[in-house]
Amino acid sequence: MNSAQIETECRRMADSYLDYEMTGSNLGMCEHLDREHLTRLIRGYFELAIRNGSLYCAGGNKEGYFIFETPETKRNLSGSLLQARWMLSAFGLKKGIRYIKEIMDSGPYLASEFRRQKKPFTRIEFIAVVKEHQGQGHMRRMMEHAFAESDRLGLPLILTTDDEKKVQLYEHFGMKMVREHSVSERAIYYEMLREGHKGQAA
């Protein structure tokens, strides 16, 4: 994808995210970012994922995307720098520092613990289906791909989400909610886990 195409897809994904009806007063990332700034944040994830080969597209008409990382995913310096630039553009320096502090104060996350224990894992960093294509099985196919790859490697899969209905959806797919992080009064994140099943990949 060229820069204009990346921008278009990131806007579609931001629209999908912001048009989702959250449960109760929880706003998740929407507490901090409007449509324009959320697009910039997603752009950062896309730029890195394109360069390290972890961006996947669902369907022939770009119905959705997910970012899936494994220990085999190669680090990419230029992509990391681009992601940092877009994240700074999304949050600004002061808001970004405050948000990072809120995240750190909300308790330990699985990825940090696994890294400290030198325990390899797979991770879904971002996943969304555009509104007009939801309910057509694209989310399930993306999750099944992540499950199959995690099973191929025999590794646990982690995912962080921001809404109780999404938690129920991922539980339906076979994940378990293991931790709840109250980042602020209006932003709660939920960590989902699925243990790897070596030898069960299709």
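Residues numbered from 1 in each chain as written. Predicted model: local features only at pLDDT ≥ 70, side-chain atom pairs only at ≥ 80, totals over all residues. Heavy atoms only, no water.

Overview of the pairing of strand β2 (residues 64–69)
Heads up, the rule is: Here's how the labels work: a residue is buried when its accessible area is under 20% of the maximum for its type, exposed when over 50%, partly exposed in between, all with a 1.4 Å probe on protein chains only. Where helices and strands are cited, they refer to DSSP runs of H or I of at least four residues and of E of at least two residues respectively, numbered from the N terminus. When DSSP finds two or more bridges between two strands, those strands count as paired.
Within β2, 6 of the 6 residues are buried, which leaves it mostly tucked inside the rest of the structure. Burial of β2 is two-sided: the residues Gly 64, Phe 66 and Phe 68 facing one way and the residues Tyr 65, Ile 67 and Glu 69 facing the other way are all buried. Pairing geometry for strand β1 (residues 55–58) and β2, over 4 bridges, is antiparallel. Bridge pairing in β2 links Tyr 56 to Phe 66. Hairpin connection of β1 to β2: 5 residues between the antiparallel strands, including Gly 59 at a positive phi of 85°. Where β2 lies against strand β3 (residues 122–129), 6 bridges are found, and the strand directions are antiparallel. From the neighbouring strand, Phe 68 faces β3, where its bridge partner is Ile 124.

Describing helix α4 (residues 93–105)
Let me state the cut-off plainly: Here, expected helix span is obtained from the residue count minus one, scaled by 1.5 Å. What the arc measures is the spread of directions leading from the helix axis to the C-beta atoms. The contact rule is simple, with two residues in contact once any of their heavy atoms fall within 4.5 Å.
The end-to-end C-alpha separation of α4 is 18 Å, in line with the 18 Å expected for 13 residues at 1.5 Å each. Those residues of α4 that sit buried are Gly 96, Tyr 99 and Glu 102. The buried residues of α4 occupy an angular sector of 125° when projected down its axis, which confines them to one face. For α4, exposure combined with an orientation more than 90 degrees from the buried face picks out Leu 93, Lys 94, Ile 97, Lys 101, Met 104 and Asp 105. Next to the buried residues of α4 lie α3 (77–91), β5 (176–184) and β6 (187–194).

Quick look at the pairing of β3
Selection rule: Look down the strands so they point away from you; if going from the first strand over the helix to the second traces a clockwise path, that crossover is right-handed.
Along β3, 7 of the 8 residues are buried, which leaves the element largely enclosed by surrounding structure. As paired elements, β3 and strand β4 (residues 157–161) share 3 bridges and run parallel to each other. Bridge pairing in β4 links Ile 124 to Leu 159. Handedness of the crossover is the feature at issue here: the chain leaves β3, passes through helix α6 (residues 138–153), returns alongside β4, and the resulting connection is right-handed.

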